[in-house]
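Breakdown of the fold
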Amino acid sequence: MRLSERLIRDGKLDKKELSLLLSSFDGKDLALLSEEARRIRDKEYGRKVYLRALVEISNHCRCNCLYCGIRRDNRTVRRYRLEDDVIIAQAELSYSLGMRTLVLQGGEDQYFSDDRLERIIRSVKEKHSDMAITLSLGERSEESYRRLFLSGAERYLLREESITKRHFQMLHPEGQKIEERIRCIQNLRKIGYQVGLGFMVGSPYQSDENIANDIILISRFAPQMVGIGPFIHAENTPFENEKNGSLEKTLLIISVLRIMRPKLLLPSTTALGALDPRGRDMGLEMGANVIMPNMTPQTEREKYNLYDGKPHVALESAEEIKKLEAHLTSLGYEIARERGDSHEENENYRREYV
Ligand code: SAH
């Protein structure tokens, strides 16, 4: 029996088996897993695609992640920060286009203090209490996470990047530690956030065993969301000449995660779209159920270059939403004009893991 068939039968594989599947899968495995992942997603969430309005609030960053295009030491980046009222205006626009989740993402930029973020979050929530707010602003103190939660943010994306200590360290400078990252992730859960983990597929020095470790972490921690995308090299970074991650492997992992954790919210990420114009569609075919349209204002969008060739597609008008809708309809999906919370309850996990 194939490992993919075992996964479909049992809903899980152990670490050894996962790493073997990752190193030996073929087209047949992809087809089998994709069919099962779609079936599970359709059963759990239907054919709805949840939209998350992504606003990239700043490309200033104090971190120096070796893979990232906006790392501190990249002097060629034209740095920007969005004004508070611009962020709020983008939230309004996204709301008026039917989106019910706002994602504020950025580099680790101290300009975005707790006070400032609190004002922004409160002001969005005051106008639109039915809009969920997700933050993706890297590592902050427990106190800071708590304040932002109490002001109305309910979800937080913080990819672990690699749970294998040795590998994490090969991707980050010495001062950045996996232990600290995990502490942040635990704090987020303790406070009550819906948490998103994730990692890049095909990052330098990554082995299939490393990936298997991250999949096992995800199946144990049971986050509400997981962001998976291929590594794509970025100019003017230490990894600028490294090769890109594989599209097929990324797709395989999306389906594996859907099968192991049916209730996950899984975005078909921008990075998938960067490798192939149909990348995002393929993500949906492999069991993803979230798309994050870029709602950063046009003038700044091209400065948030995490990697080379990042698509700068956005949804700026009702017309563009209609186009996306027509496209998704042609694939048999519909846009969900709702918050789209995960079916994973937070409470269960607090009991299990804290
Ligand atoms: N600063 C925040 C959020 C911005 S980066 C944070 O670190 O959490 C969001 C994600 O983009 C990162 O978690 C990383 O996995 C991904 N990313 C960064 N550089 C990338 C690259 N070169 N290729 C693909 N993904 C990348």
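This text gives an overview of the structure that appears in the document. Computed from a prediction, not measured in an experiment: that's the story for all the values here. Every chain is numbered independently, its residues counted from 1 as its sequence is written. At least 70 in pLDDT is required for a residue's local features to be given in this predicted model, at least 80 for side-chain atom pairs to be given and counted, and no such filter applies to totals for whole chains, interfaces and linings, which use all residues. The basis for the side-chain values is all heavy atoms of the structure; hydrogens and waters are excluded.

1. Observations regarding the overall build of the protein
Each helix and strand counted, the protein has 15 helices and nine strands in total. The globule rule used for comparison is 2.2 Å times the number of residues to the exponent 0.38, while the radius of gyration itself is calculated over C-alpha atoms. Here the C-alpha atoms of the protein give a radius of gyration of 19 Å, agreeing with the 20 Å that 2.2 N^0.38 yields for 354 residues. Projected onto its principal axes, the C-alpha positions of the protein cover 60 × 45 × 40 Å. Looking at the protein alone, contacts between residues at least 24 apart form 75% of all its contacts between residues at least 6 apart. All accessible-area figures derive from a Shrake-Rupley calculation using a 1.4 Å probe, and residue coverage is judged against the displayed protein chains alone. Entry remark: accessible area of the protein is about 14800 Å², with carbon and sulfur atoms responsible for 48%. Charge assignment: positive for Lys and Arg, negative for Asp and Glu; neither His nor the chain ends contribute. Charged side chains are reduced to one point each, which is NZ for Lys, CZ for Arg, CG for Asp and CD for Glu. Positive and negative charge centroids in the protein, built from 56 and 56 side chains respectively, lie 2 Å apart. Here a strand is any run of E in DSSP of at least two residues, a helix any run of H or I of at least four, and the numbering for each starts at the N terminus. Working rule for contacts: check all heavy atoms of both residues, and any pair within 4.5 Å makes them a contact.

2. Focus on the site of the ligand
Near is defined per residue: the residue qualifies when any heavy atom it owns lies within 4 Å of the molecule or strand. In the region of the ligand, 16 residues are neighbours, and Tyr67, Gly106, Arg159, Glu161 and Ile232 sit closest. Nitrogen and oxygen atoms within 3.5 Å of one another constitute a polar contact, given that in protein one can donate a hydrogen and the other can accept it, and given that sequence-neighbouring residues count only through two side-chain atoms. One of the backbone N or O atoms of Tyr67 is found 3.0 Å from a nitrogen atom in the ligand. At 2.7 Å from a nitrogen atom of the ligand is found a main-chain nitrogen or oxygen belonging to Ile232. About the coverage of the ligand: the protein hides 91% of its 550 Å² of free accessible area. Each residue is assigned to one class: nonpolar for Ala, Val, Leu, Ile, Met, Phe, Trp, Tyr, Cys and Pro, charged for Asp, Glu, Lys and Arg, and polar for all the others, Gly among them. A per-class count over the shell around the ligand returns ten nonpolar, four polar and two charged.

3. A look at helix α10 (residues 247-260)
With 14 residues, α10 should cover 20 Å at 1.5 Å per step; its first-to-last C-alpha distance of 20 Å lies within 8% of that length. For every residue, the accessible area obtained with a 1.4 Å probe (protein chains only) is divided by the maximum for its type, and the residue is called buried under 20%, exposed over 50%, and partly exposed between those limits. Within α10, 13 of the 14 residues are buried, leaving the element largely enclosed by the surrounding structure. Measuring from the side-chain oxygen of the N-cap residue of α10 to the backbone nitrogen of Glu248 gives 3.3 Å; that N-cap residue is Ser246. Residue count minus one, scaled by 1.5 Å, sets the expected span of a helix.

4. Comments concerning the environment of Ser151
With respect to the helices, strands and loops of the structure, Ser151 is situated in the loop between α6 (142-150) and β5 (155-157). Once the C-alpha coordinates of Ser151 and Lys125 are considered, the two residues, 26 residues apart in sequence, prove to be 8.6 Å apart. Every residue in contact with Ser151, bar those within four places of it in the chain, is listed here: Glu118, Ile121, Arg122 and Lys125.

5. Structural notes on the sheet that holds strand β2 (residues 53-58)
Think of it this way: DSSP has to see at least two bridges between two strands before they count as a pair. Pairing is parallel across the open sheet formed by six strands, whose spatial order is β2-β3-β4-β5-β6-β7. The open sheet is flanked by β2 and β7 (225-230), the only strands paired with a single partner. The average angle at which neighbouring strand axes cross in this sheet is 20 degrees, direction not considered. Fitting a line to C-alpha atoms yields each axis, with helices limited to the stretch in contact; the angle taken between N-to-C directions then spans 0 to 180 degrees. Most of the contacts of helix α5 (residues 114-127) go to strand β4 (residues 132-136), to which it runs at about 155 degrees, and overall it touches β2, β3 (101-106) and β4.

6. Focus on the pattern of salt bridges
Salt bridges, as used here, are contacts in which a Lys or Arg side-chain nitrogen is within 4 Å of a carboxyl oxygen on Asp or Glu. One pass over the structure, following the stated rule, counts 38 salt bridges. Put simply, Arg47 and Asp42 hold a salt bridge, and the shortest N to O gap is 3.0 Å. The partner of Glu300 in a salt bridge is Lys303, with the nearest N and O atoms 2.8 Å apart. An identical accessibility class is assigned to Glu300 and Lys303; each is buried. Each of the salt bridges in this network shares a partner with another, and the network as a whole consists of Lys125, Glu154, Arg155, Arg339 and Asp341.

7. As for unusual backbone geometry
Notably, Glu161 is not glycine yet its phi reads approximately 70 degrees, a positive angle. Counting through the fold element by element, Glu161 comes out in the loop between β5 and α7 (165-171). We classify Glu161 as buried; its relative accessible area is 10%. Notably, Tyr205 is not glycine yet its phi reads approximately 70 degrees, a positive angle. By the secondary structure assignment, Tyr205 is in the loop between β6 (194-201) and α9 (208-221). Relative accessible area serves as the criterion here: at 52%, Tyr205 is assigned to the exposed category.

8. Focus: helix α14 (residues 318-330)
In this model α14 runs 18 Å from its N-terminal to its C-terminal C-alpha over 13 residues, within 8% of the 18 Å that 1.5 Å per residue would give. Where α14 is concerned, the buried positions are Ile321, Leu324 and Leu328. With its buried residues spanning 60 degrees around the axis, α14 presents them on a single face. Across α14 from its buried face, at more than 90 degrees, point the exposed residues Glu319, Lys322, Lys323 and Ser330. Summarising the contacts, the buried residues of α14 are in contact with β1 (48-51), α12 (279-285), β8 (290-291) and β9 (334-336). The arc in question is the one traced by the directions running from the helix axis out to the C-beta atoms.

9. Some points on the nonpolar core
With 94 residues, the main nonpolar core has Leu21, Leu135, Tyr193, Ile215, Ile253, Val256 and Leu257 as its most contacted residues. Apart from the residues within four sequence positions on either side, Val256 is in contact with Leu7, Leu18, Leu21, Leu33 and Ile215. Side-chain atoms within 4.5 Å are what join buried Ala, Val, Leu, Ile, Met, Phe, Trp, Tyr and Cys residues into a set we call a nonpolar core.

10. A few points about the packing of aromatic side chains
The criterion for an aromatic pair is that two Phe, Tyr or Trp rings (for Trp, the six-membered ring) have centres within 6.5 Å, with stacked assigned to planes under 30 degrees apart, edge-to-face to planes over 60 apart and tilted to the rest. As enumerated under the stated definition, the model contains eight aromatic pairs in all. Aromatic pair Tyr45 and Tyr50: ring centres 6.0 Å apart, planes at 80 degrees, arrangement edge-to-face. Judged by its relative accessible area of 3%, Tyr50 is buried. Judged by centre distance (6.5 Å) and plane angle (80 degrees), the ring pair of Tyr145 and Tyr193 falls under edge-to-face.

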